[in-house]
Structure formats: structure tokens, C-alpha cells
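Residues per chain are reported as follows:
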Amino acid sequence: MGHKLEISFLGAAETVTGSRFLVQAGSTRILVDCGLFQGVKRLREKNWEPFPVAPSSLDAVVLTHAHVDHSGYLPALVRDGFAGDIWCTPSTAALAQILLPDTAHIQEEDARYANKRRSTKHDPALPLFTQDDAQRALERFRTVDVDRLFSPASGVEARFSPAGHILGAASAWLTDGRSSVLFSGDLGRTNDVVMRDPAPPPAADHIVVESTYGNRLHSDGDPHDLLADVVTRTARRGGIVLIPAFAVGRAQAILHVLATLRREGRIPELPTFLNSPMAIHATELFLRSSGEHRLARHEVAEMRAGVELVRTVEESIALTSRRGPMVVITASGMLTGGRVLHHLFQVAPDHRSTIVLPGFQAAGTRGESLANGARSLRVFGEDVDVNAEVVTLDSLSAHADADELLTWLRSTPSRPSAVSVVHGEASAADRLRSRIEHELGWAARVPAMGDTVVVDRR
Ligand SMILES: [Zn+2]
């Protein structure tokens, strides 16, 4: 008798960003992930809407990993009244120390830029949140290791399990003692070049699974071979290899692959630059979290050894006028902002150069346009011609593909009563839902934004 667990989908429903799920157990309310929406304007505008439930009514946040589409709204949540704990793994907390202040900094810069362009008659544009808000959110973080039971709020117990993907990334299992729900979080690939495999899912009555690549399979080409070819032919042309990578996660995978290729003499000796302060910090973290990735200490050292770190804005500006051949790894991964935009003016029009896209490109981003063959990009109000070669390197993706998602689900010790498919564009989510129904024989649905489901026992 009594209440049943309920899940409300407040974001990442039929879209890849804005992960926010409300779990209610009687009067206890827990938010799983608290992300920013990214990509097309219609989604980004959602970041400015009031949070769908009063932040002060939430007892705790359980955070699966540090990527901002899962964590980036936390500063606003705390500013607007959330006063509970934010639970995550130690590496997620360490990465959030880098990512949240940086996200706030970008918000402040955007507001400053908008105010400069606008007539002074308008109200000043305000940042979505400030660096002070980010600091106050970080003060609420509480860490717990994977595989440890903890109680985020009264009447609810939870446990993280490793999800691969990036340092600290976890699936989150929650129970009220009667029924249970598992959130996959973002799942990494099996046999990733740097991260360990995701752990099999624990038994749960309801599984909420991501579907970023729910309708796609990664090419099975070895990323070493692909990158060796790209770097070698671009160097021969005298061009620049520009690799926009997610600063946390894929930048380190790229560095590791390049280091291996250098050691094996498979690419020419080229100046190589890591132009992202955030990626530099995230790379340091690899030394401290050896249990979570596949690299030995000497491999982490090697990945940093052949690379010049570009820290200051002045150094970054100087780099954008340097001529090839060279390799530049920079952020952001979907070309939505950051230092990569300045490199585009130099690299995109140059037919000798190559832009390598190693990660997922959300709808409405410049990265998606490039992957789809755009011959021109809009950057800082200017049209930039694209003559450079564009290469998609999806075998280096930090996300499981459709077959890997199904394999992960299948490895649960007992079938759930239902699955909710989230964190994918509508077509990807629907394709995975259909495969779960037909290949696993489980009930599955794609929730719409705002939907609530009741968790039935198996
Ligand atoms: Zn992620």
C-alpha cells in the first residue's frame, strides 16, 4: 500500500540536452541531473524559463556526471532556492569545479557582448547565472564512491555504478525500499581507447536509458588508423588539423591516440597544440583518477609530453595566425562557442586543412552543419567559407552506439517492468524504443517533456 515511485521528465525528452528528471517517493523529491539545454534556439530559450518545480521543494540532487547538459543549471537552481545536497562521484565533483565556473564565465561574457551591441535604451542583458552562483552550487556538492549505498534524502537510498563515458560518469540507481529506478546517465563505449567499459546495470523495476546514438552504429574503423591517415595527408598538403573536442573526455582520447601514433612513428613530427584551459585541467585529472581509465601513469605523461599547452587568450590569438602544418585540439566540441570559433576563420576556408569531428553533433549546432556538408558557416555575424576537408570520427565517440546500448540493457540480471528512452533526438529515441520492444521484448516508451510515469514492480 501507499505511494509509488514516480518519475517526471523535465528535460532531455526527445532531445539530447537538458537532462533533468524528478523522482518522487511520497513527499520526498529528488532531482536526477540538472542540465542546460543546448543546440537550437528554441531549446536554449528553455534555460531562461522558470524551473518547472520550485527549487526549494527539492530535497536533493543526484548528478550522473559533470557535462554541462547534465550539471550546467545547478548554479541557477541553488540561486533560486535549492538548499539540499548535490550527490555525485569524486571525479564528477572535481570536473564540476572546472566546468561550472567556466560555464558561468561564458554566460557573463555573452551578456557583456549583448550589452555592447544593443542600444542603451534596453534593459541590460543579464547572465543566466554568475561565477558567484557557480561557487555557491559547488559548496553543496557531496561525494560518494561508486558501488556504495547512500541516502540522498529521507526514505530513499541510491547507488552509483561506473558508466564509462568520462571521468566520474555513473549510472544512478534509486529505491524507496519497495521499487527501484535506474538512470543510465551517459553510457560510454565498450573498448573505448581511454575509458573503462560501463558496468552492467543492476536490477531495477524501471530503466531510464540514454539514446544519443539510438539509431546509429559507430563505424568499426580503428580510430588510430583513421587519425593517422588524416594527420598524414593534411601534413602533406601543408594544412592544419583542427580537432574541436569536448574539453572533458574526448580531448584526452585524442591526445592519447596522437601520442600512440607519434611513438609508433605513424604520423610525421608536427607541432601539436592543446588550446583549451579546461581541457588542460581535465587532462591533469587523469593523473589523480587512475582507477577509472585504462591509461598507465607513463601513458598519461606521454599524452601530455608531445603537446604545447595554450593557456592565455594572447597565446590563443597568436596561434590562430600560425601557419601549418600543425595539429590544434580545442573546444567546444559542437563548435557552439569557445576558442574553436577563432580557429575557424583560419582553417575552414583553407582547402589544405582538415576539421575532425570526434563527438556527437546536436541539431542546430555548427558542428552538425559541418558534418552534413555545409559549405559556409556563420561565425560572429560573418559567413565563413568551408573549403577544408571535414572528417567525422565517430569511432572516437564517448557514447555507446545503438548495439552497445542494447547489449548493456540485456546484461541486467532481471528484466525491468518498463524502459523510458531519453537523451536522444526524436528519431534516435524512437528507433531505440522499437528495438527494445522487438529485440528484448520489454515495454518501452519515449516520454514527452513534462510526462510523469509511475514505477511498477517487476
Ligand atoms: Zn555526457
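Residues numbered from 1 in each chain as written. Predicted model: local features only at pLDDT ≥ 70, side-chain atom pairs only at ≥ 80, totals over all residues. Heavy atoms only, no water.

Visitor: Which parts of the structure should I look at to understand the packing of aromatic side chains?
Guide: Any aromatic ring pair is given by two values, namely how distant the centres are and how the planes are angled relative to each other. The final tally for this structure, using the stated rule, is seven aromatic pairs. Each residue in the set Phe9, Phe21 and Phe183 is aromatic and connected to the rest through ring pairs, giving one cluster. Over the face of the ring belonging to tyrosine 73 we find arginine 20, whose NZ or CZ atom lies 4.5 Å from the ring centre. One Lys or Arg, arginine 159, reaches over the ring of tryptophan 173 and ends 5.0 Å from the middle of that ring. (Phe/Tyr/Trp six-rings, centres within 6.5 Å; stacked < 30°, edge-to-face > 60°. Lys NZ or Arg CZ within 6 Å of the ring centre and 35° of its normal.)

Visitor: Help me out: how do you make sense of unusual backbone geometry in this one?
Guide: As a rule of thumb, non-glycine residues mostly have phi less than zero, and peptide bonds are mostly trans rather than cis. A cis amide bond, omega 0°, links glycine 324 with the succeeding residue proline 325. Tracing the backbone through its elements, the reader meets proline 325 in the loop between α10 (313-319) and β15 (326-330). For the peptide bond that leads from alanine 331 to serine 332, omega is 10°, which places it in the cis range. In this structure, histidine 165 takes a positive phi of about 65° despite not being glycine. Among the secondary structure elements, histidine 165 is positioned in the loop between β8 (156-162) and β9 (170-175). Not every positive phi belongs to a glycine, and asparagine 191 is a case in point at roughly 60°. (Helix = DSSP H or I, 4+ residues; strand = E, 2+ residues; numbered from the N terminus.)

Visitor: Would you explain the pattern of salt bridges in this entry?
Guide: Inspection of the entire model under this criterion finds 23 salt bridges. One salt bridge in this structure joins arginine 79 and aspartate 133, with 3.8 Å as the shortest N-O distance. You can see arginine 79 sitting in helix α3 (residues 74-79) and its partner aspartate 133 sitting in helix α5 (residues 131-138), a full 54 residues away along the chain. On the basis of relative accessibility, which here comes to 8%, the residue aspartate 133 falls in the buried class. (Salt bridge = Lys/Arg side-chain N within 4 Å of Asp/Glu carboxyl O. Buried < 20%, exposed > 50% of the residue type's maximum accessible area, 1.4 Å probe, protein only.)

Visitor: Mind showing me how you'd approach the coordination of the zinc ion here?
Guide: Ideal values differ by geometry: the angle at a metal is 109.5 degrees with four tetrahedral donors, but 90 or 180 degrees with six octahedral donors. Protein ligation of the zinc ion involves His65 (NE2), His67 (ND1), His165 (NE2) and Asp186 (OD), the donor distances falling in the range 2.2 to 2.3 Å. Of note, the zinc ion draws all its donor residues from one chain, in the sequence arrangement H-x1-H-x97-H-x20-D. Pair noted here: histidine 67 is in the loop between β4 (60-62) and α2 (68-71) and aspartate 186 is in the loop between β10 (180-183) and β11 (206-210), with a separation of 119 residues, a long-range link. On the basis of relative accessibility, which here comes to 13%, the residue histidine 67 falls in the buried class. (Donors = N, O, S within 2.8 Å, 3.2 Å for Na, K, Ca; no water.)

Visitor: Where do I start with empty space enclosed by the protein in this structure?
Guide: Any empty space left between atoms is shown by rolling a water-sized probe over those atoms. Evaluation of the coordinates by the stated rule reveals three cavities of 30 Å³ or more. Looking at the largest cavity, its volume works out to about 70 Å³. When residues of the lining of the largest cavity are assigned to their parent elements, the largest contribution, three residues, is made by β11. Tallied by class, residues from the lining of the largest cavity come to five nonpolar, six polar and three charged. (1 Å grid on protein atoms, 1.4 Å probe; cavity = no way out; pocket = protein on both sides within 12 Å on 5 of 7 lines; lining within 4 Å. Points joined across faces, edges and corners; volume = space filled by probe spheres on them. Nonpolar A, V, L, I, M, F, W, Y, C, P; charged D, E, K, R; others polar.)

Visitor: Looking at this structure, how should I read helix α8 (residues 277-288)?
Guide: Since the α-helix packs 3.6 residues into each turn, any two residues three or four apart lie on the same face. The first and last C-alpha atoms of α8 sit 18 Å apart over twelve residues, in line with the 16 Å expected at 1.5 Å per residue. Along α8, the residues that are buried comprise Met278, Ala279, Ile280, Ala282, Thr283, Leu285 and Phe286. Looking at the packing, one finds that the buried side of α8 touches α4 (90-117), α7 (250-263), β13 (272-275), α9 (297-305) and β14 (308-309). (Expected span 1.5 Å × (residues − 1). Contact = heavy atoms within 4.5 Å.)

Visitor: Would you take a moment to explain the packing of α8 against α9 for this structure?
Guide: Helix-helix packing is described using two parameters, namely the angle between the two axes and the distance between the axes. In the contact formed by α8 and α9, the axes pass within 9 Å of each other and the chain directions differ by 165°. In terms of orientation, α8 and α9 fall into the roughly antiparallel class. Crossing handedness for the pair α8 and α9: left-handed. Residues Thr283, Glu284, Phe286 and Leu287 of α8 form the contact with α9, whose participating residues are Arg297, Val300, Met303 and Arg304. (Axes fitted to C-alpha atoms, helices over the stretch in contact; angles between N-to-C directions. Parallel < 35°, antiparallel > 145°, perpendicular 65-115°, else oblique. Left-handed = near helix turned anticlockwise from the far one by under 90°.)

Visitor: Honestly, the state of the cysteines in this entry has me stumped. Any pointers?
Guide: Chemically, a disulfide is nothing more than a covalent bond linking the sulfur atoms of two cysteines. Scanning the entire structure with this criterion turns up zero disulfides. No disulfide involves cysteine 34; its nearest neighbouring cysteine sulfur is the one of cysteine 88, lying 13 Å away. (Disulfide = S-S within 2.5 Å.)

Visitor: Got a minute to help me understand the sheet that holds strand β12 (residues 240-244) in this structure?
Guide: Sheet strands associate in pairs through backbone hydrogen bonding, adopting either a parallel or an antiparallel arrangement. Pairing is parallel in the open sheet, where six strands are placed in the order β14-β13-β15-β12-β16-β19. Pairing within the sheet leaves two strands with one partner each, and these edge strands are β14 and β19 (389-392). Note that β12 and β15 share five bridges and pair parallel. Bridged to proline 244 within β15 is threonine 330. (Pairing = 2+ DSSP bridges.)

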